[in-house]
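# Remarks on the overall topology
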Amino acid sequence: MKARELAVEGALEFTPRVFPDQRGRFLSPFQREAFEEAHGAPLFPVAQTNHSVSRRGVVRGIHYTSTPPGTAKYVYCARGRALDIVVDIRVGSPTFGRWDAVLMDQEDHRASYFPVGVGHAFVALEDDTVMAYMLSGTYVPENELALSVLDPALGLPVTGDFEPVFSDRDRAAPTLARAREEGLLPDYARCREIERGLVPGAGVASDA
């Protein structure tokens, strides 16, 4: 499995080796050894898994969790094709305001790790696109927040030769600047502290 650091501090992309044969193909979207080598610590204990199905043009996000409690994610596309986006919304982060994107499809089967406190969005590029998540925390409605994926200051690549489909919640979400003014964004130092605590006794590679 190949690992790549994304433009958002602490976020990682993983590309597994794919084994095709006459029956189809086999791959492992998460591999502990490769993850620990790239991240410098084990994956968080999984508290919940999520599964979403989206038609072409659906845009979900930018979603994030109040921190504390905060949530880390490991995400891959189980079916279809999506542009998966991570946005650094952690106040005080060296990469605050930056974003990066991973094309997730059925050719390369890439996956992404998102540290505590970052924002997550994706665009479904095919009908019946299935996104699968492993999460460090459980779903608590009042902790789940959103930012505008159309914020011009961010310039995310969420439009194309399709009619974008948004939820009412995502369409009404505030910009990054407004959320910061209202004190709604996670603090970078607190996010790092929470992330360290997800795996007792483990450090994080980027602190070295």
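If you're wondering where the values come from, they're calculated on a predicted model, not measured in any experiment.

Further remarks concern the nonpolar core. The tendency in soluble globular proteins is for nonpolar side chains to be buried as a group. One finds I62, I85, L147, V149 and L156 to be the most contacted residues of the largest nonpolar core, which totals 20 residues. Broken down by secondary-structure element, the contributors of at least two residues to this core are strand 6 (59-65), strand 8 (82-87), strand 11 (119-124) and helix 3 (176-181). Those residues in contact with L147 that lie beyond four places of it in its chain are G61, I62, Y64, I89, A173, P174, T175, L176, A179 and L185.

Turning next to the environment of V149. Its location among the elements puts V149 in the loop between strand 13 (144-146) and helix 2 (168-171). With relative accessibility at 2%, the residue V149 sits in the buried group. Once the C-alpha coordinates of V149 and R56 are considered, the two residues, 93 residues apart in sequence, prove to be 17 Å apart. Not counting chain neighbours up to four residues away, the residues in contact with V149 comprise V59, G61, I62, A121, L156, V158 and F166.

Okay, the pairing of strand 6 next. Among the 7 residues that make up strand 6, 5 are buried, leaving the element largely enclosed by the rest of the structure. Relative to strand 11, strand 6 runs antiparallel, the two being bridged by 3 bridges. Looking across to strand 11, one finds that R60 is bridged to F122. Strand direction decides the pairing type here: strand 6 and strand 13, joined by 3 bridges, are antiparallel. Within the sheet, the bridge partner assigned to T65 lies in strand 13 and is E144.

The 5 strands lie next to each other as 9-8-11-6-13, forming an open sheet whose pairing is antiparallel. Two strands lie at the open edges of the sheet, namely strand 9 (99-104) and strand 13, each paired on one side alone. The average undirected angle you get between the axes of adjacent strands in this sheet is 25 degrees. The pairing of strand 8 with strand 11 spans 6 bridges and is classified as antiparallel. Residue pairing in the sheet places L83 in a bridge with V123 of strand 11.

Reading the values: the criteria
Here, residues in each chain are numbered from 1, in the same order as that chain's written sequence. Only residues with pLDDT of 70 or above have their local features reported here, since the model is predicted, and side-chain atom pairs are shown and tallied only from 80 upward, although totals for entire chains, interfaces and linings are computed over all residues. Where side-chain values are given, they derive from all heavy atoms of the structure, hydrogens and water being excluded. Working definition of a nonpolar core: buried Ala, Val, Leu, Ile, Met, Phe, Trp, Tyr and Cys residues. They are joined through side-chain atoms within 4.5 Å. Categorising residues by exposure relies on relative accessible area from a 1.4 Å probe, with only protein chains included: less than 20% of the type maximum marks a residue as buried, more than 50% marks it as exposed, and the intermediate range marks it as partly exposed. Each helix is a run of DSSP H or I of at least 4 residues and each strand a run of E of at least 2, with the numbering of both proceeding from the N terminus. Contacts are assigned to residue pairs that have any heavy atoms within 4.5 Å of one another. Here the rule is simple: two strands pair whenever DSSP picks up at least two bridges between them. Here an axis means a line fitted to C-alpha atoms, over the contact stretch when the element is a helix, while the angle between two N-to-C directions is reported on a 0 to 180 degree scale.

Note that every value here comes from positions in space, so none of it alone points to a role or purpose.
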